[in-house]
Amino acid sequence: MSAWEEHVGAALLGTARRPPPALPDAPDAGSDAAARLLDQAALLTVRRRAGLRPARGGADPVAPAPPEDLPPVPPAAAARLDRVLAGEGDGCLAEWLGLAADRGLRVPARVVPDLLEQGRGKDGWHLRAPIAAVAGRRGVWLALQNPRWAWLIASAADPGTDDPAVWTGGTAEQRVAYLARLRRADPAAARAALLDVWDRDRAVHRPEFLTPFGAGLSAADEEFLELALDDRTGSVRLAAANLLARLPESAYAARMAARARACVRAERRTVRRRAQTWLHVEPPAEHDEGMARDGVPFHPEGSFAPGRTPAPPRAWLREIVARTPPATWTGAFGLPPAEILALPVTDGAAAGRGADDLHLGLARAALRFHDAGWARALLTAGVLLDEPRVLGELVHELPAAERDDAAAGLVRWVDDARALTDGLLRTLPRPWSGALAATMTAKVAALLERPAGTANTALQALCASAAHGFDPALADRAADRFAEVPAAETAAARDRLAATLRFRHDMLKEFPP
Amino acid sequence: MSDRWERGHVLALAPDAAAAKAAATVARPAAWTGAACDGEAAWGECRGSGKSVYRVSVDLTGPAFRCSCPSRKFPCKHALGLLLLWSDGAVPGGRAADRPPWAAEWLAGRRARAEDPPVRATARAADPATAERRAARVDAGLDDLDRWLRDQVEQGLARTENAPYALFDDLARRLVDAQAGALAGQVRALAAVPRRPGWPGALLAEYALLRLLVHAHRRPDLPAPLRDTVRARIGFTVPREEVLAAGERVRDRWCVVGVRDTAQDRLATRRAWLRGRGGRSALVLSFAPPGRPLDASLAAGTEVDAELAFFPGAAPLRALVAERHGAAAPAVPDGVPIGAFLAEHAAALAADPWLDRWPAVLSGVRFARRDGGLAVVDAAGDVLPLRDTEPWRLLAVSGGAPVTLAGEWTPRGLRPLAAWHDDEAVVL
């Protein structure tokens, strides 16, 4: 026992019970035992503190991070990111990250832990892809040391190694990353690698292994995917069906088209002595095994919308049309999309019934098969007015030059503020520019000028949407326009909108063009 | 004309994070009418919610703030917002003659008070009878402390485990009555010791050093610098004016290697650790009651050419900034390897055995894992564990490569405050 430990022991027990140990080189401290213990302890304490020697060995230096290959963001942008992370700018983090990711820049290392923390949990999932892009190699290096940040390893395109041993021996996340990289480089090799382990791998991993197959999807994958349609795991079957439904030339597409055409027939009718073509819509009578195998579930996803849940057969019809290549219809009826959409629809019982199911299915098919022609026709046909979200999504399928005008047209149509902010504006492409920006500026200004109290909630929702919607390059001008509005009662909403727009405008300027 | 401050400097004046955030929302030109500034002041009228308009003036030389709003925060968001606008260059320059009467009056009043400071209590402290009375009280208080310490050790420290805070608070109160304020603070802080692992040794060390202090105070033959150290530890303060007038002056390029805030007894304390290019260390303390901003003039990670005036003592550490000779700029301090740092600390401890905090600036150290915690290891293979560390930002900046690490060295270990890598720095 060291002299110090002896002293601590004596002090714990008390000098009344145990006399202080002797310390040869201590100054004479008189007869009081407690005083002597304290004086000797003082000597030992200072001696211990001053004589402290560093430890040798036993420490495991952290392995160096790989060098970065992306350039860093400019200092001003880095300072802006600090402000955004501190809560300024009303939630501009996603936009900042997007600006940096688009330019192939990385963040300063000091903010990487904060960003990795942001990407955790439910609220952070939409930030994960851009964070993975800007966190650099330092991000993966850090995440490998902290299990809380495993999500980055999963979403980073970089599995950390090229070693094929990862495919057989790595973690599930590493294996998905490895497969994704292989798929981008050599789709056939990725398919072969997966087939190799397909029967042996644990069921929980297999749906995730199909995710990378969206890249480089081709007719060569059909055979394998048809095999997966008979898998014992439901989520694997659904993933395979969703992939097959993107191959317009496949046997799957042909089966689906046959089903769809059985449900939707062209009919010649004579109404008031004029011959017309009608579309007769008849949902499938029953849910057969073939439908189930091809990924049309008994209760398709999204068929439970509160208040307007369609009966199952109508939901099947929507799903079947949505999985049918839209070119099927132009071929079958010999008409361009716009004219097909103009045809009157009936379900045999009442005119007009079934039209919503058909048009919604067509819209989803246009999205699935990225069919700009159908998207354009759907956007101008005046259909699906109850589905502003779908309309907003269709705008994405148009060529870039047409989007602003189409979006502006939709915005002018939708009068209900709620449908606008909760529906259409959520799915319309951002940032708003051109005709869309002009229309939205007018809409916001008009609402600001209204007398107070009439539409306060709507105004706040619209301002919040507009604050992040405008193209930041135009934001300064929009802010100036709103600042002119003489609106004392709505000043708070307006000021916040203008402040956020200016913040985003400044944010953009700090990045290289 | 004073230079505009950086945004970070302005926000550092905020009493809390909420005020800083609120200030950013007030800092937009549309909210202000008649905002202007000259070399010494900025002023303007800010439209609040509803119909109220607040008159805000800021004396940039202080800085000092005045606002007619009812906020109890100080400075309020309006004053901070005005400063933020000013720092962005969005406040137009004016002449002193353009100051509105409400601002001019306040500023003139401040100038008058500054030129003609009220007669302070210095005269009273110099009164020999008062000093004698206090000395007698302190002597009695120290005798009381000595008895208490001996009693604790005689009865055994074991009964201190889970002792109520009152055990220490009662003694601390008696020491306050005995006008030994600094000692009272140390005693009150002891209450936390028996709640930490390894407490018996730590408590004995603290008791032993307190007894050493009592001893030292009683000795008539102490050298003057050590006597100053002892008196400061007990609670005899040296007035600022005296330090500025007679303290040791050292001019150097001082790096602010770390800033740490603590709160005790409803008083916030900010410790700014400085390290001169000549190798000298210094500590600049500032205090503020709750809700008031602490002195933000020394920002971690910067270097300033300044003359410091040191408080007297055997190992002079605490200092005042007597004169600045230039603006602060980011800089990397000079560090030493672990062995050299420990030798330097030992030398300081030889002069002042009660030394419980010392700035460490270690160069060329890498982070390492040791016993589940973080440690640093230098090129020679010496290892020093780090305490209370959220490791991730340090690790992120280092990327596993050698860094310069600054921290506060205490008997419990090294608490990191800042780190510098070739590419970037991080201030914790």
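Just so you know, these numbers come straight off a predicted model, no measurement behind them. Think of each chain on its own: its residues are numbered from 1, step by step along the sequence as written. Chain A is the first chain written and ligand 1 is the first ligand written, with later ones labelled in order. Side-chain atom pairs in this predicted model are given and counted only at pLDDT of 80 or more, local residue features only at pLDDT of at least 70, and totals for whole chains, interfaces and linings cover all residues. Hydrogen atoms and water are omitted, and side-chain values are computed over all heavy atoms in the structure.

### With respect to the overall build of chain A
Here is step 1: Going along the chain from the N terminus, every DSSP run of H or I of four or more residues is numbered as a helix, and every run of E of two or more is numbered as a strand. Within chain A one finds 28 helices and five strands.
Here is step 2: The C-alpha radius of gyration of chain A comes to 33 Å, more than 25% above the 24 Å expected for a compact globule of 513 residues.
Here is step 3: Each principal axis of the C-alpha atoms in chain A carries an extent, and together these give about 130 × 70 × 45 Å.
Here is step 4: Looking at chain A as a whole, 47% of its 513 residues qualify as buried.
Here is step 5: We call two residues in contact whenever any of their non-hydrogen atoms come within 4.5 Å of each other. Restricting the contact set of chain A to residue pairs at least 6 apart, pairs at least 24 apart contribute 63%. It is over C-alpha atoms that the radius of gyration is taken, and the globule rule equals 2.2 Å times the number of residues to the power 0.38. Each residue gets one of three labels from its accessible area relative to the maximum for its type: buried under 20%, exposed over 50%, partly exposed in between, using a 1.4 Å probe on protein chains only.

### Some thoughts on the environment of Ala478(A)
Residues and elements named next belong to chain A.
Here is step 1: When you line up the elements, Ala-478 lands in helix 27 (residues 472–484).
Here is step 2: Given a relative accessible area of 5%, Ala-478 falls into the buried group.
Here is step 3: Separated by 12 residues in the primary sequence, Ala-478 and Ala-466 place their C-alpha atoms 9.8 Å from one another.
Here is step 4: Residue contacts for Ala-478: discarding those within four places in its chain leaves Phe-470 and Leu-501.

### Here's the deal with the interface of chain A and chain B
Here is step 1: Contacts between the two partners involve 51 residues from chain A, matched on the other side by 54 residues from chain B.
Here is step 2: Buried area is understood as the total, over both parts, of accessible area removed when two parts are fitted together, assessed with a 1.4 Å probe. For the pair chain A and chain B, the summed buried surface comes to about 4,400 Å²; carbon and sulfur atoms form 63% of the total.
Here is step 3: The working definition used for a salt bridge is a side-chain nitrogen of Lys or Arg within 4 Å of a carboxyl oxygen of Asp or Glu. Run the count over chain A and chain B and you get five salt bridges.
Here is step 4: For the salt bridge of Arg56(A) with Asp382(B), the shortest nitrogen-to-oxygen distance reads 2.6 Å.
Here is step 5: Between N or O atoms, a polar contact is any pair within 3.5 Å; within protein, one atom must be a potential hydrogen donor and the other a potential acceptor, and residues adjacent in sequence are included only when both atoms are from side chains. In this structure, the connection of chain A to chain B is made through 20 residue pairs in polar contact (both at pLDDT 80 or more).
Here is step 6: Broken down by secondary-structure element, the contributors of at least two residues to the side of chain A that touches chain B are helix 1 (3–13), helix 2 (33–50), strand 1 (55–56), strand 2 (60–61) and helix 7 (136–143) of chain A.
Here is step 7: Among the elements that take part in the side of chain A that touches chain B, helix 2 of chain A stands out by supplying 11 residues, more than any other.

### What to know about helix 17 (residues 312–322) of chain A
Residue and element names in this part refer to chain A.
Here is step 1: In terms of residue burial, helix 17 counts as a mostly covered element, since eight of its 11 residues are buried.
Here is step 2: Within the sequence span of helix 17, burial applies to Ala-315, Trp-316, Leu-317, Arg-318, Glu-319, Ile-320, Val-321 and Ala-322.
Here is step 3: Those residues of helix 17 that are buried are in contact with helix 15 (251–263), strand 3 (264–271), strand 4 (274–281), helix 16 (289–293), helix 18 (327–333) and helix 20 (355–368).

### Overview of the environment of Ile234(B)
All names here are of chain B.
Here is step 1: Structurally, Ile-234 can be placed in helix 10 (residues 224–234).
Here is step 2: As for Ile-234 and Gln-179, which are separated by 55 residues in sequence, their C-alpha atoms are 8.7 Å apart.
Here is step 3: Discounting residues that sit within four places of it in the chain, Ile-234 has contacts with Val-138, Leu-142, Ala-180, Gly-181, Ala-182, Leu-183, Leu-213 and His-217.

### Some words on the domain arrangement of chain A
Here is step 1: Domain parsing of chain A yields domain 1 (3–50), domain 2 (75–155), domain 3 (165–244), domain 4 (263–384) and domain 5 (387–513).
Here is step 2: Its C-alpha centre places domain 2 of chain A at a distance of 43 Å from the equivalent point of domain 4 of chain A. For every domain, the bounds stem from an assignment made automatically or drawn from a database.

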